[in-house]
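What follows is each chain in one-letter form.
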Amino acid sequence: MLRFLNRLLLFLLRRKTTAPPGTYREEFWEPQFTKASKTGFNLTEENDEEKVYDARLLDGALVLSLKKTASLAWIDAPAKRYRDMVIDSRFTLESPGGYAAAGLMFRMVDHATYYLVLVSSKGYFRLDAVRNGMPFPLAGWTELPSASESAGEFALNGLVNLGIIVSGTHILITVNGLWAAELNDSSIDAGSIAFALASYEAPPSAEKSFIAGARLEALTVDSRMFQAASARERLSTTASPRSRYFLAETFAAMGQLNAALIQIQQAWEDRDAASAGGRGNRTQRELLLAARLALQLGMTGKAETWIDTCIALGTESSEGRASLTEKAKLLYEREQFTALRDFAVTAVESSPADPVLGTLLGHAYWNLEEYETAAAAYDKAFEQDRENGLLVKNAANVYEVLGKREEALSRYITAGNCFLNDDNYEDLSVLVPKFLSLGAKNYEARALVGKWAFSIENVALAEEEFETAETLRREAAEPIPPDPSVILLRALLFIRQGKRKTALPLLEEAASLAGEHGIFHFRLAECRFLLSGNAADPALKADLDRALRLLNAEAEERKRSEKPADETWAWAHNLAAQISLQNNNLEEAAEHLEKAALLLGEVPAIKVNRALYYYLSGFPDKGLQLLKTGRVSDDPEGIMANCAGNLLYRSKRYEEADDCYRKARTLDPGNIDFICNRSSCLIELGRYGEADALLALAHEKSPSPAILELIAYVAVKQGEYQRAETASAEALKMDRYYSPSLFSLGWLYCNAHRWEEAGAILQRLGALELKSGDAERREELRKRLEEGATRLIACAGNCERSWRVPLDPPPAPALHLYAMPPDELPAGTCTGCGKTYCIGCAKNNLDSSGRFTCPDCGKTLKLINEGLKKLVADWAAQNTGGDH
């Protein structure tokens, strides 16, 4: 018994425990990264290939690595729950050429509620409060503190000493021993801690299995009473003015204007206190930001003082020149237009490249009714920023007031194109009346109205304006080259109406005119694929390859110029993934999907293709699990439910597929594809009446050969052969060479013994280049036609020759032969025994008059069958010039 009690006590001492909710530790904790059981972190030994992260102990450190971008991973210590604490950590961050960040979570309630501090590979840090999965930035990306006032930008050398002090609602952050930020937030009271790693951009070439990694080499947490409060009190006074300025910039960018101004003023107070003369210097950078904040807060007096101080320090620097603009803004706000004119005329000489300053000068002239000089000032301002449509619109307004209609229209058109390039449809809409009044007979103006109408989905107006624009272009006295963007939009209008075939030549024309613009080639490739479904189409491959090459180059250029990414790049990779999946190139498909998801995220279209990827990889249930949704907002258009139905249909799980198709239809009742998919499923279930009703609805909404063919199929299943024939014939009126309807009609004719009509259908099929499966079906139909409409007559000799002739051939013309036909033609049929012989077998059995006789009974052979007679007549016509 004593030995048992000793073992029980030892077990209780060694057992890991998780602190109950509501209890928090007061301790000094320093984990040892030598053994998993000594770390306190939730390390597991499982090796899951699907995990996007990996966490392990290596060389005395906790190593966390990520395998994909746009991801955040962490390893937590769930038993270590604290309220107030002092955290000191040392870690390294590795993402050569990429963009990543590492840091700590604290007061972590669960996976959806915590504070998070990250330090990035670009030399910035941030602090977020995450509540119920929703991040609330407390301090956005902020430049890391440096050791001196004169230091340049912080260069992250890989080693980070991150300190966090949490005392009540106060959070103080230090990086490499320097004060970085101090904030107040009361949203999360207490919780555990975790080591975190985030990846934003992959390195250009990742040779390792992961794209970002971090090593936590040391960590201490002191949650003992009064430690956090005393540490905060000690470190709060160590903030450098430079660090406070960095934090002020962040607050200003976040719209927290008061908080930003407080940091700048505190920086000045700290500098004054440290100055021997009682007043420290103010940098132009600080003065400019403070003035801008004051202006936004309505503190115009302080703003003017700080602006004037900044100008007095010199206008050679960028901040000095910017302060001239702020001074002009202040005068404009006060409506001191004469003072603004006099000031801006001189200021423009010091800062000639500033379009805002030039615009304010134009405003001064405008309000003083000096219109000619106002127009010139606005034109000059636009020359400095040719992508800003508002600047040239100002000039257009002045020229219109001056009665110079052509100059005004020219500038309105330029402004409209600028707004269009920026997707600024609100400002573009303001110009539409100008285009219609000043540019009623101008091709560019009417084309812009059409583009605007397209953007607001006014299809009727867009079609009308594009038609008007095209008429004006063709009737112009001087040749006007076609606009590829107008042609593209006209094609997209046809696509919206379900007329992809009509759109295809327009897309081809637009792509040929657009040259090196990827979106045109992407739209062309997309249309080809959706029309034919043929992933092996060489034209499709060429268009998509060119689209990807151009869009990849455009994406790199946008990245270099720090412009927002264009989603067209991502959708092109999504299309490439679809084509790769159809070609069963799963590795290539996975690569394209990863690129698409980088920009689009896990939107339904990406999930649909991922699910298909899993299905083709042999994991159908994994694909179906990915498509499961708990909320309508997860799949608002029903495409995930439809895809689940498709995968179940392919797996012959028709009842389950029907459930998914019904769900898809509740989300988008008018979707023709959803209606047709459910109809096909109902057909497999033998529920032809329900399928017929749905197909009638689909035909009413959007008639097409495919829908009519499904109607024909259901009609055959229900024994309604005449209705099936009518449906297939209507489909062929829409598309004369629609092969499914040609096959259906051919078999209907054969089964009705309408051989001549079946033969005509076969001729049309013969003109088509069919895929291997359809080519085999054509041969089956040909054989059925031969068997049904003809009979086979074999030679009774030993040659194995035979002839196929119509069952009821028409009379052949009378024969007069002047030369011996070849051996393979029929010699005739015996009038006695009825056997038929070829000339080769009968030519050695001739009577005295040279007539063929039967080798068996000796009676005369005659060409009794009109079909055999026609074979000989056709030969005679070809070889004797028709004299037979």
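Residues numbered from 1 in each chain as written. Predicted model: local features only at pLDDT ≥ 70, side-chain atom pairs only at ≥ 80, totals over all residues. Heavy atoms only, no water.

Quick word on unusual backbone geometry
Here's step 1: The phi dihedral of R107 is positive, around 45 degrees, even though this residue is not glycine.
Here's step 2: Here R107 shows up in strand β6 (residues 99–110).
Here's step 3: Backbone geometry places E800, a non-glycine residue, at a positive phi of 65 degrees.
Here's step 4: Counting through the fold element by element, E800 comes out in the loop between β15 (790–794) and β16 (802–806). (Helix = DSSP H or I, 4+ residues; strand = E, 2+ residues; numbered from the N terminus.)

Overview of the nonpolar core
Side chains that are nonpolar tend, in soluble globular proteins, to be buried together.
Here's step 1: Ranked by internal contacts, the top residues of the largest apolar core, which has 76 residues, are F41, F106, L162 and F195.
Here's step 2: Here the element with the most residues in this core is helix α6 (residues 284–296); it accounts for six residues.
Here's step 3: Once residues within four sequence positions are removed from consideration, L162 is found in contact with I87, D88, S89, F91, G103, L104, V117, V119, I173, T174 and V175.
Here's step 4: Core analysis: the next-biggest nonpolar cluster, separate from the first, contains 67 residues, L360, F382, L420 and L472 among them. (Core = buried A, V, L, I, M, F, W, Y, C linked by side-chain atoms within 4.5 Å. Buried < 20%, exposed > 50% of the residue type's maximum accessible area, 1.4 Å probe, protein only. Contact = heavy atoms within 4.5 Å.)

Brief notes about the packing of helix α15 (residues 443–455) against helix α16 (residues 459–475)
Here's step 1: Between α15 and α16, the least distance of the axes is 8 Å, while the angle of their chain directions is 160 degrees. Taken together, the axes of α15 and α16 lie roughly antiparallel to each other. Relative to α16, the crossing made by α15 is left-handed. Counting all contacts with α15, which are made through Y443, R446, A447, V449, G450, K451, W452, A453 and F454, the residues of α16 involved are L461, A462, E465, F466, T468, A469, L472 and R473.
Here's step 2: Looking at the contact of α15 with α16 residue by residue, the class counts come to 11 nonpolar, two polar and four charged. (Axes fitted to C-alpha atoms, helices over the stretch in contact; angles between N-to-C directions. Parallel < 35°, antiparallel > 145°, perpendicular 65-115°, else oblique. Left-handed = near helix turned anticlockwise from the far one by under 90°. Nonpolar A, V, L, I, M, F, W, Y, C, P; charged D, E, K, R; others polar.)

Some points on the pattern of salt bridges
Here's step 1: In this structure the tally under the stated criterion is 57 salt bridges.
Here's step 2: Across the pair R107 and D84 runs a salt bridge whose closest N-O atoms are separated by 3.2 Å. Of this pair, R107 sits in strand β6 while D84 sits in the loop between β4 (71–82) and β5 (85–94), and the two are 23 residues apart along the sequence.
Here's step 3: For R107, a relative accessible area of 2% translates into the label buried.
Here's step 4: The partly exposed category is assigned to D84, whose relative accessible area is 30%.
Here's step 5: Three or more residues are tied together by salt bridges with common partners; here these are D658, D659, R662, R678, R687 and E690. (Salt bridge = Lys/Arg side-chain N within 4 Å of Asp/Glu carboxyl O.)

Thoughts on a negative patch on the surface
Here's step 1: Together, E387, D422, D423, D566 and E567 give the surface a local cluster of negative charge.
Here's step 2: Checked against the element boundaries, D423 lands in the loop between α13 (405–421) and α14 (425–438).
Here's step 3: Exposure remark for D423: the relative accessible area of 52% places this residue in the exposed category. (Patch = residues over 30% accessible without salt bridge, like charges linked within 9 Å, V, L, I, M, F, W, Y side chains within 5 Å. Areas by Shrake-Rupley, 256 points an atom, 1.4 Å probe, with all protein chains shown as cover. Lys, Arg positive; Asp, Glu negative; His and termini not counted. Charge placed at Lys NZ, Arg CZ, Asp CG, Glu CD.)

Regarding the packing of helix α11 (residues 371–384) against helix α12 (residues 389–401)
Here's step 1: One can describe the packing of α11 onto α12 by two numbers: an axis separation of 8 Å at closest approach and a directional angle of 155 degrees. In terms of orientation, α11 and α12 fall into the roughly antiparallel class. When the axes of α11 and α12 are compared, the crossing they make is left-handed. Residue-level contacts link Y371, A374, A375, Y378, D379, A381 and F382 of α11 to L391, V392, N394, A395, V398, Y399 and V401 of α12.
Here's step 2: Looking at side-chain class alone, the contact of α11 with α12 contains 12 nonpolar, one polar and one charged residues.

A closer look at the packing of aromatic side chains
Here's step 1: Per the stated rule, a full pass over the model turns up 13 aromatic pairs.
Here's step 2: Ring plane angle 35 degrees and centroid distance 5.9 Å describe the contact between W29 and F41, whose orientation is recorded as tilted. Linking W29 in strand β1 (residues 28–29) with F41 in the loop between α2 (36–39) and β2 (53–58), this pair joins segments that are 12 residues apart in sequence. Comparing W29 with F41 shows no difference in burial state: the two are buried.
Here's step 3: For the pair Y649 and Y654, a centre-to-centre distance of 5.3 Å together with 70 degrees between the ring planes defines the contact as edge-to-face.
Here's step 4: The class for Y654 is buried, based on a relative accessible area of 17%.
Here's step 5: Ring pairs connect the aromatic residues W29, F33 and F41, which therefore count as one cluster.
Here's step 6: Between K122 and the ring centre of Y99, over which it is positioned, the NZ or CZ distance is 4.2 Å.
Here's step 7: For R244, the ring lying beneath its charged end belongs to W179, and the centroid distance is 4.7 Å. (Phe/Tyr/Trp six-rings, centres within 6.5 Å; stacked < 30°, edge-to-face > 60°. Lys NZ or Arg CZ within 6 Å of the ring centre and 35° of its normal.)

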